[in-house]
Amino acid sequence: MSTAFLTDVDLRPATLAPYIQHTLIDVGVTYDRIVAHAEETARYGFNAAMVPGSWVAEVAEVLRGTGVEVASALDFPTVGVTTSAGKAAEAESLVRAGATQIDIGVQIGWLKSGRFDAFRDDIAGVVKASGVPVKVMLELPLLTPAEREAAVALSIEAGAAFLKNASSGQVEVANPDSIAYLVARAPEGVQVKASGSIKSFAQALSLLRAGAVLLGTSAGVAIVTDNVTEHTTSY
Ligand SMILES: O=C[C@H](O)COP(=O)(O)O
């Protein structure tokens, strides 16, 4: 995915749609809501519909033939509670159901306990079992500087396709500094996804300018229609 458009003169909210992963991971999501979300994802031309694993098959069915990706998140929102074997098995079943990308919560408790091999192998197990691009949710604000360095290096070693600053806005409001930190450490072939309370076109643009190539947000429609009341237009 290229960010060449960022130098274009035609920078409008709608041009960001292909960079947005349209997210709906709420408790109690119904069939009607999930189908509407999938249809909306295709209608606005978002990169992917990011949905709970339990609805992946239905979303894949709606999006069949549209070219829109189907993404899901493992061990989320309960980050760090799922076993490695459970994650790998779930990853395999999500891909069988139609997921083409997987985001995963990582075991930062293991990292903080010095269990580096276990931390890496937990991610590698999902990479191997899924065979699709895996995005690692690093929860950067919860890590010390040394833990951040280790988490990034171990994720890359494990085969992560994307480094992601955080799983949600409860952990971090996505910001250009975190994205630049990850971009500076991502080798060729590894990219950066921004996530966490991305609510406005201006904020989205600042994250892309920092080097993110994907934005995970539940406010995709507001961003691409620039229908966000709280932001002051400064782009
Ligand atoms: O990766 C996606 C995030 O969970 C999006 O959630 P949010 O828009 O509520 O921050």
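The notes below deal with the structure included here. (Residues numbered from 1 in each chain as written. Predicted model: local features only at pLDDT ≥ 70, side-chain atom pairs only at ≥ 80, totals over all residues. Heavy atoms only, no water.)

Re the sheet that holds strand β3 (residues 69-74)
Piece 1. If you walk around this closed barrel you meet the eight strands as β1-β2-β3-β4-β5-β6-β7-β8, and the pairing is parallel. Direction aside, neighbouring strands of the sheet carry axes that sit 25° apart on average.
Piece 2. With four bridges connecting them, strand β2 (residues 48-51) and β3 associate as parallel partners. Bridged to Met50 within β3 is Ala71.
Piece 3. The strands touched by helix α1 (residues 31-44) within the sheet are β1 (20-23) and β2, with β2 carrying the most contacts at an inclination of about 155°. (Pairing = 2+ DSSP bridges. Helix = DSSP H or I, 4+ residues; strand = E, 2+ residues; numbered from the N terminus. Axes fitted to C-alpha atoms, helices over the stretch in contact; angles between N-to-C directions. Contact = heavy atoms within 4.5 Å.)

Focus: the site of the ligand
Piece 1. Taken together, Thr23, Phe76, Lys164, Ser167, Gly169, Lys193, Ser195, Gly196, Ser197, Gly216, Thr217 and Ser218 are the residues near the ligand.
Piece 2. Residue Ser195 places a side-chain N or O atom 3.1 Å away from an oxygen atom belonging to the ligand.
Piece 3. Contact distances for the ligand include 2.8 Å between an oxygen atom and a side-chain N or O atom of Ser218.
Piece 4. Relative to its unbound accessible surface of 310 Å², the ligand loses 85% to contact with the protein. (Near = heavy atom within 4 Å. Polar contact = N/O pair within 3.5 Å; in protein donor to acceptor, adjacent residues only side chain to side chain. Areas by Shrake-Rupley, 256 points an atom, 1.4 Å probe, with all protein chains shown as cover.)

A closer look at the pairing of strand β8 (residues 214-217)
Piece 1. With burial as the criterion, each face of β8 is covered, one bearing Leu214 and Gly216 and the other bearing Leu215 and Thr217.
Piece 2. As defined by bridge partners, β1 adjoins β8 across three bridges and the pair is classed as parallel. Across the sheet, the residue bridging to His22 is Thr217, located in β8.
Piece 3. Across three bridges, strand β7 (residues 191-195) lies against β8 in parallel orientation. (Buried < 20%, exposed > 50% of the residue type's maximum accessible area, 1.4 Å probe, protein only.)

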